[in-house]
Amino acid sequence: MITVCDRAKQACPIFPGRPVLAHWGMPDPADVEGDESTKRAAFRDAYLLLSRRIDLLLALPLTTLEGLALEARVRAIA
C-alpha cells in the first residue's frame, strides 16, 4: 500500500495480513494556484515524480526481499 498525500496517509484503512506500507509524500498538484500553464506544470511534475518512483519500485528484486527489507526499500524510494 503506497500513499502519496498526507490525507490518505492519515485515513488509510487497515488491511488484513502484513502488507508492505510506504508513504511517498508529494505536493498535491490540484492545490496549485496560478494560470493554466502553471497548473499543467504541477500535474506534469507530479506525473514525472510518480513515474520515476514506480520505475524504481519495479526494479526492486521483489521475489528475493523479505517483508521488512522490502518495506524499507519501498519507503526509501520516496
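Just above sits the structure.
Thresholds applied
Residues numbered from 1 in each chain as written. Predicted model: local features only at pLDDT ≥ 70, side-chain atom pairs only at ≥ 80, totals over all residues. Heavy atoms only, no water. Helix = DSSP H or I, 4+ residues; strand = E, 2+ residues; numbered from the N terminus. Polar contact = N/O pair within 3.5 Å; in protein donor to acceptor, adjacent residues only side chain to side chain. Buried < 20%, exposed > 50% of the residue type's maximum accessible area, 1.4 Å probe, protein only. Arc of directions from axis to C-beta. Contact = heavy atoms within 4.5 Å. Patch = residues over 30% accessible without salt bridge, like charges linked within 9 Å, V, L, I, M, F, W, Y side chains within 5 Å. Areas by Shrake-Rupley, 256 points an atom, 1.4 Å probe, with all protein chains shown as cover. Salt bridge = Lys/Arg side-chain N within 4 Å of Asp/Glu carboxyl O. Core = buried A, V, L, I, M, F, W, Y, C linked by side-chain atoms within 4.5 Å.

Visitor: Sorry, what's going on with the side chain of Thr-3 here?
Guide: The topology assignment puts Thr-3 in strand E1 (residues 2-3). Within the structure, Thr-3 has its side chain in polar contact with the side chain of His-23 (distance 2.7 Å).

Visitor: Where do I start with helix H3 (residues 67-77) in this structure?
Guide: Residues separated by three or four positions in an α-helix point in the same direction, a consequence of the helix having 3.6 residues per turn. All of the buried residues along H3 are Leu-70, Glu-71, Val-74 and Ile-77. Looking straight down H3, one finds that the buried residues subtend no more than 115° of arc, so they occupy a single side. Among the exposed residues of H3, those oriented more than 90 degrees off its buried face are Leu-68 and Ala-76. Buried positions along H3 lie against E1, strand E2 (22-23) and helix H2 (36-59).

Visitor: Please explain a nonpolar patch on the surface as it appears in this structure.
Guide: A grouping of Met-1, Phe-15 and Leu-21 is seen on the molecular surface, where their side chains present a nonpolar patch of about 240 Å² in accessible area. Within the secondary structure layout, Phe-15 lies in the loop between helix H1 (6-11) and E2. Owing to a relative accessible area of 36%, Phe-15 belongs among the partly exposed residues under this scheme.

Visitor: Would you mind going over the nonpolar core with me for this structure?
Guide: If you look at soluble globular proteins, the nonpolar side chains tend to sit buried side by side. Grouped together as the largest cluster of nonpolar side chains are eight residues: Ala-22, Trp-24, Leu-57, Leu-60, Leu-65, Leu-70, Val-74 and Ile-77. The greatest single-element share of this core, amounting to three residues, is contributed by H3. Those residues within four positions of Ile-77 in sequence are excluded, and the remaining contacts are Trp-24, Arg-53, Leu-56, Leu-57 and Leu-60.

Visitor: Sorry if this is basic, but what is going on with the pattern of salt bridges here?
Guide: Oppositely charged side chains can form a pair if their charged atoms are brought close together. All told, the structure shown has four salt bridges when counted by the stated rule. In this structure, the salt-bridge partner of Glu-71 is Arg-18, at a minimum N-O distance of 3.3 Å. One end of the pair, Glu-71, is in helix H3; the other, Arg-18, is in the loop between H1 and E2, with 53 residues separating them in the sequence. For Glu-71, a relative accessible area of 9% corresponds to the buried category. Residue class for Arg-18 comes out exposed when judged on its relative accessible area of 57%.

Just geometry here; none of it tells us what the structure is for.
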